[in-house]
Amino acid sequence: MAVTLGLVLLLIACLEAGRRLRMRHTADEASSGLGVIDGAIFGLLGLLLAFAFSGADSRYEARRQLIVTETNAIGTAWLRIDLLPAEAQPAIRQDMRSYVDARIAFYRDLNDNPARARQDAAATTALQTKIWGESTAAARQSPLASTLPLVAQSLNDMIDITTTRSVALNTHPPLAIYILLLVLAVAASLVAGYGMGDRRRRSWLHTLVYAAALTMTIYTILDLEFPRIGLVRIDRYDKVLVDQRGSMN
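Residues numbered from 1 in each chain as written. Predicted model: local features only at pLDDT ≥ 70, side-chain atom pairs only at ≥ 80, totals over all residues. Heavy atoms only, no water.

Draft legend 1. Structural context of the packing of helix H4 (residues 89-109) against helix H6 (residues 147-169). For the pair H4 and H6, interaxial distance at closest approach is 13 Å and the crossing angle is 5°. Taken as axis vectors, H4 and H6 run roughly parallel relative to one another. Along the contact surface, H4 presents Met96, Tyr99, Arg103 and Tyr107, while H6 presents Met158, Thr162 and Arg165. Grouping the amino acids of the contact of H4 with H6 by side-chain chemistry returns 4 nonpolar, 1 polar and 2 charged. (Axes fitted to C-alpha atoms, helices over the stretch in contact; angles between N-to-C directions. Helix = DSSP H or I, 4+ residues; strand = E, 2+ residues; numbered from the N terminus. Parallel < 35°, antiparallel > 145°, perpendicular 65-115°, else oblique. Contact = heavy atoms within 4.5 Å. Nonpolar A, V, L, I, M, F, W, Y, C, P; charged D, E, K, R; others polar.)

See the structure below:
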């Protein structure tokens, strides 16, 4: 919230600075050949906002879909435990429950308690190794030759998706993109204020609407890019994983 308010104030200050600068020039000096430059700056800003918004939304949707994919992979691995010898199933099922608990805890603690999240990630890795060893050993004892490939494939999918989600979690545009976006927003505000300087009276309506609209657009882009921090939340989709854990009791 403080960053958002700061950006609004920064844009208003830039608009006012541009307006005051315009008022120091004559009308002829201020209007000669500036339309092309203004159009180029606003065009670049609009293009960058469009690409940034589209990319952030695509990554948000990809992360949301990965939650469903992981839940399906866990569900498949859970069902294929039925293929294993009956005496090996209880221990493996208990480890699977602990594994899902660790995955849920990891995303719950990710922002609120990073140290605990690292512990959850370590527990996840340890349980992956344990479940894999127990399941493949039990599958080799099955009289059916197809048991091992089926069980191994489902566990492999369940394990691989954790790496995919980890990469997706940390996939963001380079910092230079956000710096460029801020620089263009400031530049556009300066030239917009410069264009408003031919009027002696301030138009607070236009100033506030411009600053608020640009700030909300940038905020929404960042919110989509980091969906476990702001108002746009992806953790509500974690409910499908919680529901999967409930079905394993």
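Draft legend 2. Structural view of the pattern of salt bridges. Within the structure shown, the criterion is met by 14 salt bridges. Between Glu225 and Arg59 there is a salt bridge, with the nearest N and O atoms lying 2.8 Å from each other. Separated by 166 residues along the polypeptide, Glu225 in helix H8 (residues 204-225) and Arg59 in helix H3 (residues 34-80) bring together distant segments of the chain. For Glu225, a relative accessible area of 1% translates into the label buried. A relative accessible area of 23% places Arg59 in the partly exposed class. Lys239 serves as the salt-bridge partner of Asp243, at 3.0 Å between the closest nitrogen and oxygen. (Salt bridge = Lys/Arg side-chain N within 4 Å of Asp/Glu carboxyl O. Buried < 20%, exposed > 50% of the residue type's maximum accessible area, 1.4 Å probe, protein only.)

Draft legend 3. Looking closely at the packing of aromatic side chains. Enumeration over the complete set of coordinates arrives at 1 aromatic pair. Seen in terms of ring centroids, Phe106 and Tyr107 are 4.9 Å apart; in terms of plane orientation they differ by 85°. Their pairing is edge-to-face. An identical accessibility class is assigned to Phe106 and Tyr107; each is buried. The ring of Trp78 carries Arg93 above its face, with NZ or CZ at 4.6 Å from the centroid. Stacked on the ring of Tyr107, the Lys or Arg Arg165 has its end atom at 3.9 Å from the ring centre. (Phe/Tyr/Trp six-rings, centres within 6.5 Å; stacked < 30°, edge-to-face > 60°. Lys NZ or Arg CZ within 6 Å of the ring centre and 35° of its normal.)

Draft legend 4. Up close: the environment of Ile92. With respect to the helices, strands and loops of the structure, Ile92 is situated in helix H4. What makes Ile92 buried here is its relative accessible area of 1%. When the C-alpha atoms of Ile92 and Asp223 are compared, they prove to be 39 Å apart, with 131 residues separating the residues in sequence. Sequence-distant contacts of Ile92, defined by excluding residues within four places in its chain, comprise Ile81, Leu84, Glu134, Ser135 and Ala138.

Draft legend 5. Broad picture of the layout of surface pockets. Within this model, the largest pocket holds a volume of roughly 420 Å³. In terms of lining, the largest pocket is formed by 16 residues, of which the most central are Val3, Thr4, Ile218, Tyr219 and Leu222. For the lining of the largest pocket, the secondary-structure elements that each account for two or more residues are helix H1 (2-23), helix H7 (175-195) and H8. The leading source of residues in the lining of the largest pocket is H8, at 5 residues. The residue inventory of the lining of the largest pocket, partitioned by class, reads 12 nonpolar, 3 polar and 1 charged. (1 Å grid on protein atoms, 1.4 Å probe; cavity = no way out; pocket = protein on both sides within 12 Å on 5 of 7 lines; lining within 4 Å. Points joined across faces, edges and corners; volume = space filled by probe spheres on them.)

Draft legend 6. A look at the nonpolar core. Leu11, Leu45, Leu49, Leu181, Leu214 and Ile218 are the most contacted members of the largest nonpolar core, which totals 23 residues. Elements represented by at least two residues in this core include exactly H1, H3, H7 and H8. Setting aside residues up to four positions removed in sequence, Leu181 forms contacts with Leu45, Leu48, Leu49 and Ile218. (Core = buried A, V, L, I, M, F, W, Y, C linked by side-chain atoms within 4.5 Å.)

Draft legend 7. Broad picture of a nonpolar patch on the surface. Together, Leu175, Ile179 and Val183 line one region of the surface with nonpolar side chains, adding up to about 300 Å² of accessible area. Mapped onto the fold, Ile179 is located in helix H7. Ile179 sits in the partly exposed class, given a relative accessible area of 47%. (Patch = residues over 30% accessible without salt bridge, like charges linked within 9 Å, V, L, I, M, F, W, Y side chains within 5 Å. Areas by Shrake-Rupley, 256 points an atom, 1.4 Å probe, with all protein chains shown as cover.)

Draft legend 8. A look at the packing of H7 against H8. Direction vectors running N to C along H7 and H8 enclose 170°, while the axes themselves pass 11 Å from each other. On the basis of the axis angle, H7 is roughly antiparallel to H8. Residues Tyr178, Leu181, Ala185, Ala188, Ser189 and Ala192 of H7 form the contact with H8, whose participating residues are Tyr210, Leu214, Ile218, Leu222 and Glu225.

Draft legend 9. Summary view of empty space enclosed by the protein. Per the stated rule, a full pass over the model turns up 2 cavities of 30 Å³ or more. Taken as a whole, the largest cavity encloses approximately 90 Å³ of empty space. As for the largest cavity, its lining consists of Arg63, Leu66, Ile67, Tyr107, Arg165, Ala168, Leu169, Pro227, Arg228 and Ile234. Considered class by class, the residues forming the lining of the largest cavity number 7 nonpolar, no polar and 3 charged. Within this model, the second largest cavity holds a volume of roughly 40 Å³. As for the second largest cavity, its lining consists of Ala77, Arg80, Ile81, Leu84, Ile92, Ile131, Ser135, Val151, Ser154 and Leu155. If you list the elements that add at least two residues to the lining of the second largest cavity, you get H3, helix H5 (114-140) and H6.

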